[in-house]
Each structure stands twice: as structure tokens, then as C-alpha cells.
Amino acid sequence: MNKTLVNGLLLAFSVIFALMICEVLVRTFKLAPEIVYIEKWRVRLSDNPKIGYEPIPNLDSSGQSAQYYSYIGRSNNMGYRDYNHPLAKTPGSKRIVILGDSVTAGLWIKGDKNIFSVVMEQELNTWGVKSDVMNFGVSGYNTSQEVETLKSKALAFKPDLVILAYCLNDRFQDDGNIYGLLLAEQSKNLSGGKINTAAVTKLEHHSALLRFLHYAVLGVKQGATRKGLQSEVNKFYVDSVEDSFAELAELANQNDFDVLVAVFPNFGERDQGLVGDYKFQSEHDSVNALAQRYNFHYFDLLQPFRECKKQLPSRYTISFDQYHPNIVGNQCAGKALAQQARNILGR
């Protein structure tokens with residue numbers, strides 16, 4: 001055997017053996033930073049910078065406060081307020097994906113059966129439209145995050161119809177600064193020798209030595225200064241609706257699904273937005289114009305909510321606040337959206 005080759009192989013084996021010894025030593029003496037999820041309430045930092053944070057899978061918040069956990073109950077294996085869906089569609093079934101924020105996730109709604117996505121599925125199946133409705137709502141998301149969720153997670157389920165549940169705060173970030181709190185928690189953990197799993201490479205997940213070299217020896221900082229944290233948060237405080245609609249249209253063309261943009265109204269205080277003159281119609285009209293530009297179906301939920309309101313005693317409301325429908329409001333939205341989905345899917 002060539003002497004140079006032999007020397008090369010010996011050198012390679014020596015290096016590998018030395019690295020193995022170093023790996024063992026780093027693990028034994030716990031020199032590498034611990035890998036942890038950066039979590040707060042129902043969400044954690046995501047490795048996808050376009051969504052920033054994501055819901056925690058299989059989290060059961062029973063016994064916790066809905067003020068912080070958004071709703072009481074267990075999330076599914078992807079983190080959403082839904083049951084676990086198989087990747088493959090049931091033969092003859094139509095699959096509907098709903099994108100949205102806390103309205104879609106059912107903020108403060110007791111009982112999963114009372115959120116509008118579940119009401120939709122029940123209504124459609126009752127009418128003989130075999131349906132599989134998937135809820136991808138996350139509290140605080142804007143339209144950009146919702147479309148990225150479709151792209152990165154929901155497309156794998158091959159939807160026939162995507163419903164964008166549009167809330168009038170979707171043109172800006174309205175997450176209660178949860179992303180900023182998560183980023184601050186990430187910096188705090190780093191100072192305590194813990195690093196965010198979402199920002200660690202696959203090799204670093206398996207190698208304590210690499211983590212030691214990366215973070216302890218080279219001193220690479222995960223997280224940022226206070227100014228840097230604010231800059232990271234601010235990237236979501238922009239109006240991304242038009243760009244997001246354009247991307248949604250491209251995804252629809254590439255993956256052959258219909259899009260329905262459903263606009264939820266501003267209810268006002270104690271449903272006053274449903275009575276008399278409505279101050280936000282121009283915002284609905286602008287979303288409608290945008291939907292028409294991209295050949296999306298459009299549905300304004302203002303009138304259905306007004307009709308539901310008329311059927312209630314005067315002292316009852318269908319909303320918790322200006323944005324969030326209560327159980328009665330969710331029933332109303334679910335039935336109205338089921339009819340729209342039936343019309344689209346039945347063509």
C-alpha cells in the first residue's frame with residue numbers, strides 16, 4: 001500500500017479518535033450549553049424566521065388561566081387547536097385549511113366543539129359534503145405569518161380550499177409582544193448556559209463538542225442586545241397584506257386549491273359595530289378589491305353577524321370584544337362559512 005495513503009489514513013483515524021475523546025470529555029464534564037425550547041404559554045420560538053413563533057404540540061393547558069393560554073385544552077400534534085389529521089385525505093373527502101389568528105384559534109372559547117372551524121366541519125358533513133376542516137389559527141399572527149404557515153406546514157395536507165380568516169388588525173402585528181418576550185427569554189437562557197433548539201443546527205443537536213466550540217470557545221451569541229431584539233420584533237410590525245395575498249395566489253396556482261378570504265368585522269363595544277352605521281366598511285372594501293385582483297372568493301361576515309345579532313335578546317352579545325366572537329358568534333360564523341365552502345366545493 002502506498003506509504004502516503006497509509007499515513008493519510010492514520011492521520012484521519014487519529015483525528016477522528018481525538019474528536020471522539022473530546023466529545024466524551026465535553027459530555028462528561030457538561031461543558032456544552034444545554035439545548036432547550038424557548039417557550040411561553042402556548043407558543044415557542046420557531047426555526048422559521050418568517051413566522052417567528054409557533055404553537056407547542058400536544059400542550060394541555062387544563063387548570064391554567066385562559067388569559068395566558070388563550071384557550072383551555074390540548075393542542076394537536078402540530079400545536080393547533082384541532083384533532084390530529086392524517087396526511088392522506090379520506091377518499092371522497094374535501095380538505096379545508098383555515099388560516100388565522102386568535103379569532104380562528106378560538107380565544108377564550110370553552111370547548112373545542114364551539115370554535116367555528118369545528119362548526120363548519122359538522123355543518124358540511126351534515127349536508128353530505130364529506131369534509132376535513134383543519135384549523136391552523138395562532139394567536140397574534142398577521143397575514144404574512146399565516147401564509148407562511150400554509151407554505152411550511154399546511155400544504156403537505158393538499159387542501160382543496162384555503163380559507164383566510166381575515167381580522168381587521170391583520171395589517172400589523174398584534175400579538176401582545178409575545179415574540180419580544182420569547183426573544184428576551186432566549187437571551188436570558190443563553191446567559192444561563194442554555195441555547196434555543198430552534199437556532200441550533202442538526203449537527204449541533206447531536207454533538208456537544210460542536211456546541212462547546214460554537215458558543216463557549218468562539219463566543220457566538222444567540223439572541224441580541226436590547227436594541228437588536230426590538231429590531232427583530234419590528235420586522236413583523238409592517239403591513240404585509242398585499243405581498244401575502246400575492247404569495248397566496250402563487251401557492252394556489254401551483255397547488256390547485258381555491259382561496260376564500262373571509263373578513264371578520266370590528267364588533268365594537270358590546271356589538272355596537274353591528275348596529276347602525278358601520279365605521280370600518282372601507283377596510284372591508286379594500287380587502288375585497290385585493291381578493292378580486294387575485295381571483296379569490298370573498299365573503300364579508302358583517303351581514304351574517306348582524307342577522308345573528310337580531311335573533312338574540314338585546315342584553316346578549318355575540319362577541320367578547322371588538323375582534324373576538326363568543327360561542328354564539330362562532331356558531332354564526334361556522335354556519336355561514338360552511339355555506340360558502342359548500343358553494344365553492346360543490347362547483
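Residues numbered from 1 in each chain as written. Predicted model: local features only at pLDDT ≥ 70, side-chain atom pairs only at ≥ 80, totals over all residues. Heavy atoms only, no water.

### Things to note about the sheet that holds strand β5 (residues 94–100)
So, step 1. Read from one edge to the other, the open sheet built from five strands follows the order β6-β5-β7-β9-β10, with strand pairing classed as parallel. Each edge of the open sheet carries a strand with a single partner, namely β6 (131–137) and β10 (297–300). In this sheet, neighbouring strand axes are inclined to one another by 20° on average, regardless of whether the strands run parallel or antiparallel.
So, step 2. Here four bridges tie strand β9 (residues 258–263) to β10, and the two strands are oriented parallel to one another. Residue pairing for β10: V261 is matched across the bridge by Y298.
So, step 3. Against the sheet, helix α5 (residues 143–154) contacts β5, β6 and β7 (161–166), and its axis sits at roughly 145° relative to β5. (Pairing = 2+ DSSP bridges. Helix = DSSP H or I, 4+ residues; strand = E, 2+ residues; numbered from the N terminus. Axes fitted to C-alpha atoms, helices over the stretch in contact; angles between N-to-C directions. Contact = heavy atoms within 4.5 Å.)

### Looking at helix α10 (residues 241–255)
So, step 1. Taking 1.5 Å per residue, 15 residues should reach 21 Å; α10 reaches 21 Å between its end C-alpha atoms and fits that length.
So, step 2. Tucked inside the fold, the buried residues of α10 contact α5, β7, β9 and α11 (281–293).
So, step 3. Positive backbone phi, approximately 55°, marks D256, located one or two places after α10. (Expected span 1.5 Å × (residues − 1).)

### Considering helix α12 (residues 302–310)
In an α-helix, one full turn covers 3.6 residues, which means residues spaced three or four apart are oriented alike.
So, step 1. Where α12 is concerned, the buried positions are L302, P304, F305, R306, C308 and K309.
So, step 2. The inward-facing, buried residues of α12 abut α11, β10 and α13 (327–345). (Buried < 20%, exposed > 50% of the residue type's maximum accessible area, 1.4 Å probe, protein only.)

### Let's talk about a nonpolar patch on the surface
So, step 1. Taken together, the side chains of W41, Y68 and L181 present a nonpolar region at the surface, about 270 Å² in accessible area.
So, step 2. Its location among the elements puts Y68 in helix α2 (residues 66–69).
So, step 3. Residue Y68 is classed as partly exposed on the basis of its relative accessible area of 43%. (Patch = residues over 30% accessible without salt bridge, like charges linked within 9 Å, V, L, I, M, F, W, Y side chains within 5 Å. Areas by Shrake-Rupley, 256 points an atom, 1.4 Å probe, with all protein chains shown as cover. Salt bridge = Lys/Arg side-chain N within 4 Å of Asp/Glu carboxyl O.)

### Points about the pattern of salt bridges
Two side chains carrying opposite charge are able to pair once their charged atoms lie near each other.
So, step 1. Under the counting rule described, the total for this entry stands at 11 salt bridges.
So, step 2. If you follow the salt bridges from partner to partner, you end up with R44, E54 and K153 in one network.

### Points about unusual backbone geometry
Among all residues except glycine, the phi angle is most often negative; among peptide bonds, the trans geometry is most common.
So, step 1. For D256, which is not a glycine, the phi torsion comes out positive at approximately 55°.
So, step 2. Of note, D256 is situated in the loop between α10 and β9.
So, step 3. Relative accessible area serves as the criterion here: at 67%, D256 is assigned to the exposed category.
So, step 4. The phi dihedral of R270 is positive, around 50°, even though this residue is not glycine.
So, step 5. Here R270 lies in the loop between β9 and α11.

### Examining the environment of S46
So, step 1. Inspection of the secondary structure puts S46 in the loop between β3 (43–45) and β4 (53–55).
So, step 2. Under the relative-accessibility criterion, S46 is labelled buried at 11%.
So, step 3. Between the C-alpha atoms of S46 and I56, which are 10 residues apart in sequence, the distance is 9.9 Å.
So, step 4. Within the structure, S46 has its side chain in polar contact with the side chain of E54 (distance 3.2 Å). (Polar contact = N/O pair within 3.5 Å; in protein donor to acceptor, adjacent residues only side chain to side chain.)

### Details of the packing of helix α4 (residues 116–126) against α13
So, step 1. It is at 8 Å that the axes of α4 and α13 come closest, and there the two elements cross at 50°. Considering the angle they form, α4 stands oblique to α13. When the axes of α4 and α13 are compared, the crossing they make is right-handed. For the pair α4 and α13, the contacting residues are F116, V119, M120, E123 and L124 in the first and N330, Q331, A333, G334, K335, L337, A338, A341 and R342 in the second.
So, step 2. Across the contact of α4 with α13, the residue classes tally to eight nonpolar, three polar and three charged. (Parallel < 35°, antiparallel > 145°, perpendicular 65-115°, else oblique. Left-handed = near helix turned anticlockwise from the far one by under 90°. Nonpolar A, V, L, I, M, F, W, Y, C, P; charged D, E, K, R; others polar.)

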